[in-house]
Amino acid sequence: MSGAAASGIRFDEVTVAYDGNVVLDRLDLTVEPGEVMALLGPSGSGKTTALRAVAGFVRPASGRVYLGDRDVTDLPPHRRGIGMVVQQYALFPHMRVRENVAFGLKARKTARAEIAGRVADALELVGMSAYADRHPRELSGGQQQRVAIARALAVRPGVLLLDEPLSALDARLRSGMLAELARLHRELPDVSILYVTHDQVEALTLADRIAVMDSARLQDCDTPQELYRRPRTEFTASFVGNANLLPVTAGKRPGSVDFAGHPLTVDAGEAVAGAAAILCVRPHLVGLGAGPNTLTGKLAEIQWRGSTHRLYVDTAGHRVMADVRELREAPALGDTVTLHFAPEDAVLLPAGAGDGGRVLPEGAADAGRATTPPVLASSAGGPHA
Ligand code: ADP
(Lines give C-alpha, C1' and ligand atoms only; values in the text may rest on other atoms or scores of the structure.)
Protein backbone atom coordinates (compact mmCIF):
# COMPACT_ATOMS: atom_id res chain seq x y z
CA MET A 1 0.00 0.00 0.00
CA SER A 2 1.56 3.30 -0.97
CA GLY A 3 1.05 6.62 0.72
CA ALA A 4 2.49 5.83 4.12
CA ALA A 5 4.92 8.56 5.00
CA ALA A 6 8.03 6.89 6.42
CA SER A 7 8.57 8.41 9.80
CA GLY A 8 9.96 6.30 12.60
CA ILE A 9 9.37 6.86 16.31
CA ARG A 10 11.63 8.48 18.88
CA PHE A 11 11.17 8.47 22.63
CA ASP A 12 13.27 11.19 24.19
CA GLU A 13 13.57 10.61 27.95
CA VAL A 14 9.86 9.83 28.21
CA THR A 15 8.58 9.44 31.77
CA VAL A 16 5.00 8.53 32.64
CA ALA A 17 3.62 8.43 36.17
CA TYR A 18 0.22 7.50 37.58
CA ASP A 19 -0.57 9.14 40.91
CA GLY A 20 3.11 9.77 41.45
CA ASN A 21 4.14 6.19 40.60
CA VAL A 22 6.63 6.17 37.78
CA VAL A 23 5.57 3.38 35.39
CA LEU A 24 7.82 4.46 32.52
CA ASP A 25 11.18 5.82 33.54
CA ARG A 26 13.07 8.09 31.12
CA LEU A 27 12.62 5.90 28.06
CA ASP A 28 15.10 6.68 25.29
CA LEU A 29 14.41 4.60 22.22
CA THR A 30 14.36 5.09 18.46
CA VAL A 31 12.39 2.95 16.01
CA GLU A 32 13.77 3.52 12.53
CA PRO A 33 11.47 4.06 9.55
CA GLY A 34 10.34 0.65 8.33
CA GLU A 35 11.66 -1.14 11.39
CA VAL A 36 9.75 -3.62 13.57
CA MET A 37 10.62 -2.98 17.20
CA ALA A 38 9.24 -5.36 19.80
CA LEU A 39 8.75 -4.09 23.33
CA LEU A 40 9.27 -7.28 25.31
CA GLY A 41 8.95 -7.66 29.04
CA PRO A 42 6.86 -9.11 31.85
CA SER A 43 3.42 -7.85 32.68
CA GLY A 44 3.46 -4.42 34.30
CA SER A 45 6.89 -3.43 32.97
CA GLY A 46 5.56 -0.36 31.15
CA LYS A 47 5.27 -1.64 27.58
CA THR A 48 1.67 -0.62 26.93
CA THR A 49 2.27 2.71 28.61
CA ALA A 50 5.11 3.40 26.16
CA LEU A 51 2.86 2.51 23.25
CA ARG A 52 0.03 4.68 24.57
CA ALA A 53 2.43 7.58 24.88
CA VAL A 54 3.10 7.27 21.13
CA ALA A 55 -0.61 6.99 20.38
CA GLY A 56 -1.37 10.04 22.49
CA PHE A 57 -3.56 8.30 25.07
CA VAL A 58 -1.23 9.09 27.96
CA ARG A 59 0.63 12.29 28.53
CA PRO A 60 4.27 12.04 29.62
CA ALA A 61 5.17 13.75 32.87
CA SER A 62 8.39 14.69 31.10
CA GLY A 63 10.20 13.95 27.86
CA ARG A 64 9.08 14.18 24.25
CA VAL A 65 7.71 11.81 21.61
CA TYR A 66 8.66 12.31 17.96
CA LEU A 67 7.21 10.78 14.82
CA GLY A 68 9.87 11.46 12.22
CA ASP A 69 10.89 15.07 12.80
CA ARG A 70 7.54 16.02 14.30
CA ASP A 71 7.27 16.52 18.03
CA VAL A 72 3.81 15.02 18.61
CA THR A 73 3.84 15.16 22.42
CA ASP A 74 1.11 17.79 22.51
CA LEU A 75 -0.95 16.51 19.57
CA PRO A 76 -4.25 14.67 20.10
CA PRO A 77 -4.26 10.99 18.99
CA HIS A 78 -6.22 11.53 15.76
CA ARG A 79 -3.67 14.05 14.49
CA ARG A 80 -0.66 11.78 14.87
CA GLY A 81 -1.12 9.66 11.73
CA ILE A 82 -0.80 6.32 13.45
CA GLY A 83 -2.67 3.02 13.23
CA MET A 84 -3.25 0.98 16.36
CA VAL A 85 -4.42 -2.56 17.06
CA VAL A 86 -5.09 -3.82 20.56
CA GLN A 87 -5.49 -7.26 22.06
CA GLN A 88 -9.29 -7.37 21.90
CA TYR A 89 -10.20 -6.72 18.30
CA ALA A 90 -12.49 -3.85 19.31
CA LEU A 91 -14.51 -3.91 16.11
CA PHE A 92 -17.91 -2.21 16.11
CA PRO A 93 -20.34 -5.14 16.30
CA HIS A 94 -23.20 -3.43 14.48
CA MET A 95 -21.06 -2.45 11.49
CA ARG A 96 -20.09 -4.67 8.60
CA VAL A 97 -16.43 -5.35 7.93
CA ARG A 98 -16.19 -2.69 5.21
CA GLU A 99 -17.79 -0.07 7.47
CA ASN A 100 -15.42 -0.96 10.28
CA VAL A 101 -12.44 -0.55 7.99
CA ALA A 102 -13.83 2.74 6.60
CA PHE A 103 -14.36 4.15 10.08
CA GLY A 104 -11.02 5.90 10.50
CA LEU A 105 -11.19 7.29 6.99
CA LYS A 106 -14.62 8.80 7.58
CA ALA A 107 -13.48 10.24 10.90
CA ARG A 108 -10.61 11.86 9.02
CA LYS A 109 -13.06 13.18 6.41
CA THR A 110 -11.43 11.32 3.54
CA ALA A 111 -13.19 11.99 0.20
CA ARG A 112 -16.03 9.52 -0.32
CA ALA A 113 -14.74 8.44 -3.71
CA GLU A 114 -11.43 7.48 -2.17
CA ILE A 115 -12.79 5.52 0.77
CA ALA A 116 -14.04 2.49 -1.20
CA GLY A 117 -10.66 2.00 -2.87
CA ARG A 118 -8.73 2.34 0.35
CA VAL A 119 -11.01 -0.10 2.16
CA ALA A 120 -10.63 -2.62 -0.67
CA ASP A 121 -6.82 -2.22 -0.60
CA ALA A 122 -6.65 -2.68 3.16
CA LEU A 123 -8.89 -5.77 3.11
CA GLU A 124 -6.85 -7.28 0.33
CA LEU A 125 -3.66 -6.70 2.27
CA VAL A 126 -4.94 -8.87 5.13
CA GLY A 127 -6.65 -11.43 2.88
CA MET A 128 -10.18 -10.48 3.93
CA SER A 129 -11.66 -9.14 0.68
CA ALA A 130 -14.25 -11.90 0.57
CA TYR A 131 -15.65 -10.93 3.99
CA ALA A 132 -16.41 -7.25 3.42
CA ASP A 133 -20.16 -7.64 3.97
CA ARG A 134 -20.02 -9.76 7.10
CA HIS A 135 -20.56 -8.61 10.63
CA PRO A 136 -17.80 -9.21 13.21
CA ARG A 137 -19.86 -11.94 14.94
CA GLU A 138 -19.72 -13.94 11.68
CA LEU A 139 -15.92 -14.04 11.80
CA SER A 140 -13.39 -16.11 13.75
CA GLY A 141 -11.10 -14.41 16.24
CA GLY A 142 -8.22 -14.48 13.77
CA GLN A 143 -10.38 -12.98 11.03
CA GLN A 144 -11.60 -10.25 13.37
CA GLN A 145 -8.03 -9.38 14.21
CA ARG A 146 -7.21 -9.17 10.50
CA VAL A 147 -10.06 -6.72 10.06
CA ALA A 148 -8.77 -4.68 12.99
CA ILE A 149 -5.37 -4.58 11.27
CA ALA A 150 -7.01 -3.56 7.98
CA ARG A 151 -8.83 -0.77 9.82
CA ALA A 152 -5.55 0.47 11.26
CA LEU A 153 -3.84 0.33 7.85
CA ALA A 154 -6.64 1.98 5.87
CA VAL A 155 -5.55 5.41 7.05
CA ARG A 156 -2.10 4.64 5.62
CA PRO A 157 -0.21 5.32 8.80
CA GLY A 158 3.56 5.77 8.87
CA VAL A 159 3.50 4.05 12.24
CA LEU A 160 1.59 0.96 13.30
CA LEU A 161 1.19 0.24 17.00
CA LEU A 162 0.32 -3.34 17.94
CA ASP A 163 -0.50 -4.12 21.56
CA GLU A 164 -0.41 -7.89 22.19
CA PRO A 165 -2.38 -8.36 18.97
CA LEU A 166 -2.22 -12.16 19.08
CA SER A 167 -2.77 -12.87 22.75
CA ALA A 168 -6.50 -13.46 22.45
CA LEU A 169 -5.98 -16.13 19.76
CA ASP A 170 -5.36 -19.81 20.34
CA ALA A 171 -1.90 -21.23 19.71
CA ARG A 172 -2.56 -22.51 16.18
CA LEU A 173 -4.13 -19.26 14.98
CA ARG A 174 -1.35 -17.34 16.63
CA SER A 175 1.40 -18.96 14.62
CA GLY A 176 -0.59 -18.40 11.41
CA MET A 177 -1.05 -14.74 12.29
CA LEU A 178 2.65 -14.39 13.10
CA ALA A 179 3.45 -15.45 9.55
CA GLU A 180 0.77 -13.04 8.28
CA LEU A 181 2.27 -10.14 10.20
CA ALA A 182 5.72 -10.95 8.82
CA ARG A 183 4.29 -10.92 5.30
CA LEU A 184 2.46 -7.66 5.97
CA HIS A 185 5.70 -6.09 7.11
CA ARG A 186 7.37 -7.15 3.85
CA GLU A 187 4.55 -5.55 1.89
CA LEU A 188 4.71 -2.32 3.89
CA PRO A 189 8.45 -1.67 4.02
CA ASP A 190 8.05 2.00 5.02
CA VAL A 191 5.78 1.46 8.00
CA SER A 192 7.45 1.46 11.42
CA ILE A 193 5.90 -1.08 13.74
CA LEU A 194 6.02 -0.96 17.53
CA TYR A 195 4.92 -4.35 18.80
CA VAL A 196 4.14 -4.87 22.47
CA THR A 197 4.39 -8.46 23.70
CA HIS A 198 5.37 -10.54 26.69
CA ASP A 199 5.94 -13.52 24.38
CA GLN A 200 9.55 -13.96 23.39
CA VAL A 201 8.67 -16.20 20.44
CA GLU A 202 6.64 -13.38 18.87
CA ALA A 203 9.45 -10.91 19.51
CA LEU A 204 12.18 -13.23 18.18
CA THR A 205 10.13 -14.12 15.11
CA LEU A 206 8.95 -10.69 14.04
CA ALA A 207 11.23 -8.01 15.33
CA ASP A 208 14.23 -6.41 13.67
CA ARG A 209 15.19 -5.29 17.17
CA ILE A 210 13.85 -6.07 20.62
CA ALA A 211 13.64 -3.52 23.43
CA VAL A 212 13.63 -5.47 26.69
CA MET A 213 11.62 -3.75 29.43
CA ASP A 214 11.57 -4.46 33.14
CA SER A 215 10.31 -2.41 36.09
CA ALA A 216 9.49 0.69 34.02
CA ARG A 217 12.95 0.75 32.43
CA LEU A 218 14.54 -0.18 29.16
CA GLN A 219 17.03 -2.93 30.05
CA ASP A 220 18.51 -3.78 26.71
CA CYS A 221 17.90 -3.17 23.01
CA ASP A 222 19.42 -5.05 20.12
CA THR A 223 18.72 -7.52 17.35
CA PRO A 224 17.17 -10.81 18.49
CA GLN A 225 20.37 -12.62 17.52
CA GLU A 226 22.64 -10.33 19.55
CA LEU A 227 20.35 -10.37 22.59
CA TYR A 228 20.38 -14.12 22.46
CA ARG A 229 24.10 -14.57 21.84
CA ARG A 230 25.41 -11.70 23.87
CA PRO A 231 22.90 -10.50 26.44
CA ARG A 232 24.20 -7.59 28.49
CA THR A 233 22.17 -8.24 31.61
CA GLU A 234 21.06 -11.22 33.64
CA PHE A 235 17.46 -10.19 33.08
CA THR A 236 17.80 -10.23 29.29
CA ALA A 237 19.66 -13.51 29.37
CA SER A 238 16.84 -15.17 31.29
CA PHE A 239 13.95 -13.45 29.51
CA VAL A 240 15.16 -13.98 25.92
CA GLY A 241 15.65 -17.73 25.58
CA ASN A 242 16.72 -20.14 28.27
CA ALA A 243 19.99 -19.62 30.04
CA ASN A 244 22.24 -21.23 32.59
CA LEU A 245 23.27 -18.41 34.92
CA LEU A 246 26.10 -19.44 37.23
CA PRO A 247 27.43 -17.20 39.99
CA VAL A 248 31.19 -16.88 39.55
CA THR A 249 34.10 -14.78 40.78
CA ALA A 250 36.33 -13.15 38.19
CA GLY A 251 39.96 -14.27 38.24
CA LYS A 252 43.11 -12.24 37.59
CA ARG A 253 43.57 -13.44 34.02
CA PRO A 254 41.01 -11.93 31.57
CA GLY A 255 38.21 -14.44 31.02
CA SER A 256 39.21 -16.70 33.92
CA VAL A 257 36.52 -17.24 36.54
CA ASP A 258 35.95 -19.40 39.55
CA PHE A 259 32.69 -21.31 39.89
CA ALA A 260 32.50 -22.84 43.37
CA GLY A 261 36.18 -23.78 43.26
CA HIS A 262 36.17 -24.88 39.59
CA PRO A 263 38.24 -22.78 37.20
CA LEU A 264 36.34 -21.89 34.01
CA THR A 265 37.16 -19.71 31.01
CA VAL A 266 34.85 -17.26 29.23
CA ASP A 267 35.65 -15.34 26.05
CA ALA A 268 33.04 -12.56 26.12
CA GLY A 269 32.25 -9.98 28.75
CA GLU A 270 34.40 -8.39 31.41
CA ALA A 271 34.62 -8.27 35.17
CA VAL A 272 37.12 -6.78 37.59
CA ALA A 273 39.38 -9.41 39.22
CA GLY A 274 37.80 -10.64 42.44
CA ALA A 275 34.36 -9.27 41.58
CA ALA A 276 31.21 -11.36 41.58
CA ALA A 277 29.76 -11.99 38.10
CA ILE A 278 27.30 -14.25 36.32
CA LEU A 279 28.39 -16.74 33.70
CA CYS A 280 25.71 -17.22 31.05
CA VAL A 281 25.71 -20.23 28.73
CA ARG A 282 22.75 -21.43 26.67
CA PRO A 283 21.61 -25.04 27.26
CA HIS A 284 22.10 -26.08 23.62
CA LEU A 285 25.76 -25.02 23.87
CA VAL A 286 26.41 -27.34 26.81
CA GLY A 287 27.53 -30.81 25.71
CA LEU A 288 28.00 -34.20 27.33
CA GLY A 289 31.50 -35.35 28.20
CA ALA A 290 34.73 -33.59 29.09
CA GLY A 291 35.89 -30.48 27.28
CA PRO A 292 37.53 -27.11 27.78
CA ASN A 293 35.17 -26.11 30.61
CA THR A 294 34.11 -29.20 32.48
CA LEU A 295 31.39 -29.49 35.11
CA THR A 296 30.56 -32.70 36.91
CA GLY A 297 27.41 -33.46 38.83
CA LYS A 298 24.47 -35.77 39.40
CA LEU A 299 21.70 -36.14 36.85
CA ALA A 300 18.60 -34.82 38.57
CA GLU A 301 16.12 -34.89 35.71
CA ILE A 302 15.96 -35.79 32.04
CA GLN A 303 13.29 -34.68 29.59
CA TRP A 304 12.80 -35.87 26.06
CA ARG A 305 11.86 -32.97 23.80
CA GLY A 306 11.61 -34.50 20.36
CA SER A 307 14.83 -33.35 18.74
CA THR A 308 16.81 -33.09 21.98
CA HIS A 309 17.06 -34.39 25.50
CA ARG A 310 17.28 -31.80 28.24
CA LEU A 311 19.52 -32.91 31.08
CA TYR A 312 19.35 -31.20 34.46
CA VAL A 313 22.59 -31.76 36.30
CA ASP A 314 23.21 -30.63 39.88
CA THR A 315 26.70 -29.32 40.33
CA ALA A 316 28.09 -27.24 43.22
CA GLY A 317 24.59 -26.42 44.44
CA HIS A 318 23.34 -25.31 41.03
CA ARG A 319 21.25 -26.99 38.43
CA VAL A 320 22.74 -26.82 34.95
CA MET A 321 20.68 -27.47 31.83
CA ALA A 322 22.17 -29.19 28.79
CA ASP A 323 20.25 -29.83 25.57
CA VAL A 324 21.81 -32.87 23.97
CA ARG A 325 20.94 -34.05 20.46
CA GLU A 326 22.66 -37.40 20.21
CA LEU A 327 22.19 -39.60 23.24
CA ARG A 328 23.19 -43.19 22.46
CA GLU A 329 22.86 -44.38 26.03
CA ALA A 330 20.72 -42.27 28.30
CA PRO A 331 22.26 -41.83 31.76
CA ALA A 332 20.06 -42.82 34.68
CA LEU A 333 18.84 -40.41 37.32
CA GLY A 334 21.48 -40.06 40.02
CA ASP A 335 24.36 -41.00 37.68
CA THR A 336 27.43 -38.82 37.71
CA VAL A 337 27.46 -36.83 34.49
CA THR A 338 30.19 -34.68 32.96
CA LEU A 339 29.27 -31.60 30.95
CA HIS A 340 31.35 -29.09 29.03
CA PHE A 341 31.02 -25.85 27.11
CA ALA A 342 33.38 -23.81 24.95
CA PRO A 343 34.73 -20.48 26.26
CA GLU A 344 33.42 -18.72 23.15
CA ASP A 345 29.88 -19.89 23.95
CA ALA A 346 29.78 -18.27 27.38
CA VAL A 347 29.24 -14.62 28.31
CA LEU A 348 30.16 -12.93 31.57
CA LEU A 349 27.45 -10.60 32.93
CA PRO A 350 27.44 -8.12 35.77
CA ALA A 351 26.19 -9.70 38.99
CA GLY A 352 23.48 -8.63 41.31
CA ALA A 353 20.99 -6.34 39.65
CA GLY A 354 19.08 -7.70 42.65
CA ASP A 355 15.69 -8.67 41.36
CA GLY A 356 14.16 -8.36 44.80
CA GLY A 357 12.17 -11.58 44.61
CA ARG A 358 10.61 -10.65 41.28
CA VAL A 359 8.78 -13.60 39.77
CA LEU A 360 9.93 -14.30 36.26
CA PRO A 361 7.42 -15.73 33.82
CA GLU A 362 7.36 -19.43 33.13
CA GLY A 363 10.22 -20.55 30.98
CA ALA A 364 12.07 -17.29 31.54
CA ALA A 365 14.43 -18.54 34.17
CA ASP A 366 14.40 -22.26 34.57
CA ALA A 367 18.02 -22.40 35.65
CA GLY A 368 16.82 -22.92 39.18
CA ARG A 369 18.79 -23.68 42.28
CA ALA A 370 19.41 -27.35 42.86
CA THR A 371 16.90 -27.38 45.67
CA THR A 372 14.01 -26.28 43.44
CA PRO A 373 12.44 -28.72 41.01
CA PRO A 374 13.12 -27.89 37.37
CA VAL A 375 10.43 -25.80 35.75
CA LEU A 376 9.06 -27.55 32.72
CA ALA A 377 9.92 -25.39 29.75
CA SER A 378 6.84 -23.82 28.23
CA SER A 379 6.27 -23.10 24.58
CA ALA A 380 7.51 -19.65 25.48
CA GLY A 381 10.91 -21.30 25.58
CA GLY A 382 10.81 -20.56 21.89
CA PRO A 383 12.80 -21.73 18.93
CA HIS A 384 15.91 -21.94 21.06
CA ALA A 385 14.44 -23.75 24.02
P1 ADP B 1 2.74 -3.76 30.53
O2 ADP B 1 2.17 -3.31 29.23
O3 ADP B 1 4.22 -3.97 30.48
O4 ADP B 1 2.03 -4.94 31.10
P5 ADP B 1 1.63 -1.30 31.54
O6 ADP B 1 2.33 -0.24 30.78
O7 ADP B 1 0.26 -1.66 31.11
O8 ADP B 1 2.56 -2.59 31.60
O9 ADP B 1 1.57 -0.89 33.07
C10 ADP B 1 2.70 -0.43 33.79
C11 ADP B 1 2.27 -0.10 35.19
O12 ADP B 1 1.39 1.02 35.17
C13 ADP B 1 1.52 -1.21 35.87
O14 ADP B 1 1.94 -1.27 37.20
C15 ADP B 1 0.08 -0.78 35.78
O16 ADP B 1 -0.65 -1.27 36.87
C17 ADP B 1 0.19 0.72 35.83
N18 ADP B 1 -0.91 1.40 35.10
C19 ADP B 1 -1.20 1.23 33.78
N20 ADP B 1 -2.26 2.01 33.43
C21 ADP B 1 -2.65 2.66 34.54
C22 ADP B 1 -3.68 3.62 34.83
N23 ADP B 1 -4.52 4.05 33.89
N24 ADP B 1 -3.77 4.07 36.11
C25 ADP B 1 -2.91 3.66 37.07
N26 ADP B 1 -1.93 2.77 36.86
C27 ADP B 1 -1.77 2.27 35.62
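One structure accompanies this document, and this report is about it. Along each chain, numbering runs from 1 in the same order as the chain's sequence is written. Given that the model is predicted, a residue must reach a pLDDT of at least 70 before its local features are reported, and side-chain atom pairs must reach 80 or more before they are shown or counted; all residues, however, enter totals for whole chains, interfaces and linings. Remark: hydrogens and water are excluded; side-chain values derive from all non-hydrogen atoms of the structure.

Examining the site of the ligand
Moving on, step 1. Throughout, near means a residue has at least one heavy atom within 4 Å of the molecule or strand. Around the ligand, the surrounding shell consists of Tyr18, Val23, Pro42, Ser43, Gly44, Ser45, Gly46, Lys47, Thr48 and Thr49.
Moving on, step 2. Between the ligand and Gly44, the relevant distance is 2.7 Å, taken from an oxygen atom to a main-chain nitrogen or oxygen of the residue.
Moving on, step 3. In protein, a polar contact requires one atom able to donate a hydrogen and another able to accept it; more generally it is a pair of N or O atoms within 3.5 Å, and residues adjacent in sequence count only if both atoms are side-chain atoms. Here an oxygen atom of the ligand sits 2.8 Å away from a polar atom, N or O, in the side chain of Lys47.
Moving on, step 4. Reported accessibility uses the Shrake-Rupley method at a 1.4 Å probe radius. Residues are deemed covered only where the shown protein chains occlude them. For the ligand, the protein covers 55% of the area, taking 560 Å² as the surface of the free molecule.
Moving on, step 5. Per element, the largest residue contribution to the shell around the ligand is three residues, and it comes from helix α1 (residues 47-55).
Moving on, step 6. Within the shell around the ligand, the residues separate by chemical class into three nonpolar, six polar and one charged. Secondary structure counts use DSSP, requiring at least four H or I residues in a row for a helix and at least two E residues in a row for a strand, with both numbered from the N terminus. Throughout, the ten residues Ala, Val, Leu, Ile, Met, Phe, Trp, Tyr, Cys and Pro are labelled nonpolar, Asp, Glu, Lys and Arg are labelled charged, and all others, Gly among them, are labelled polar.

Structural notes on the pattern of salt bridges
Moving on, step 1. Only one rule defines a salt bridge in this text: a Lys or Arg side-chain nitrogen within 4 Å of an Asp or Glu carboxyl oxygen. This structure, assessed with the given rule, holds 16 salt bridges.
Moving on, step 2. The partner of Asp222 in a salt bridge is Arg232, and the shortest N-O contact between them spans 3.6 Å. Of this pair, Asp222 sits in strand β10 (residues 217-222) while Arg232 is found in the loop between α7 (224-229) and α8 (234-239), placing the two residues 10 residues apart along the sequence.
Moving on, step 3. When a residue's accessible area, from a 1.4 Å probe over protein chains only, is under 20% of the maximum for its type it is buried; when over 50% it is exposed; and in between it is partly exposed. Given the relative accessible area of 44%, Arg232 is considered partly exposed.

Description of α1
Residues lying three or four places apart along an α-helix face the same way, a consequence of the helix completing one turn every 3.6 residues.
Moving on, step 1. Counting buried residues in α1 gives seven out of nine residues, a clear majority hidden from the surface.
Moving on, step 2. Restricting attention to buried positions, one finds in α1 the residues Lys47, Thr49, Ala50, Leu51, Ala53, Val54 and Ala55.
Moving on, step 3. Phi turns positive one or two residues past the end of α1, at Gly56, with a value near 100 degrees.

As for the pairing of strand β2 (residues 21-31)
Moving on, step 1. Here, any two strands with at least 2 DSSP bridges between them count as paired. The pairing of strand β1 (residues 9-18) with β2 spans seven bridges and is antiparallel. Opposite Ile9, over in β2, you have Val31 as the bridge partner.
Moving on, step 2. Hairpin connection, β1 to β2: the antiparallel pair is bridged by two residues, and Asp19 has positive phi, about 45 degrees.

Description of the nonpolar core
Moving on, step 1. The definition of a nonpolar core used throughout is a set of buried Ala, Val, Leu, Ile, Met, Phe, Trp, Tyr and Cys residues joined through side-chain atoms within 4.5 Å. Core analysis: the largest hydrophobic core is formed by 37 residues, its most contacted members being Val101, Leu123, Ile149, Leu181 and Leu184.
Moving on, step 2. Here this core gets seven residues from one element, more than from any other, and that element is helix α4 (residues 141-154).
Moving on, step 3. In this description, contact between two residues means that some pair of their heavy atoms is separated by no more than 4.5 Å. Each residue touching Ile149, except ones within four places of it in the same chain, is listed here: Val85, Val126, Met177, Leu181 and Leu184.
Moving on, step 4. Membership of the second largest hydrophobic core comes to 28 residues, among which are Val14, Leu24, Val58 and Ile82.

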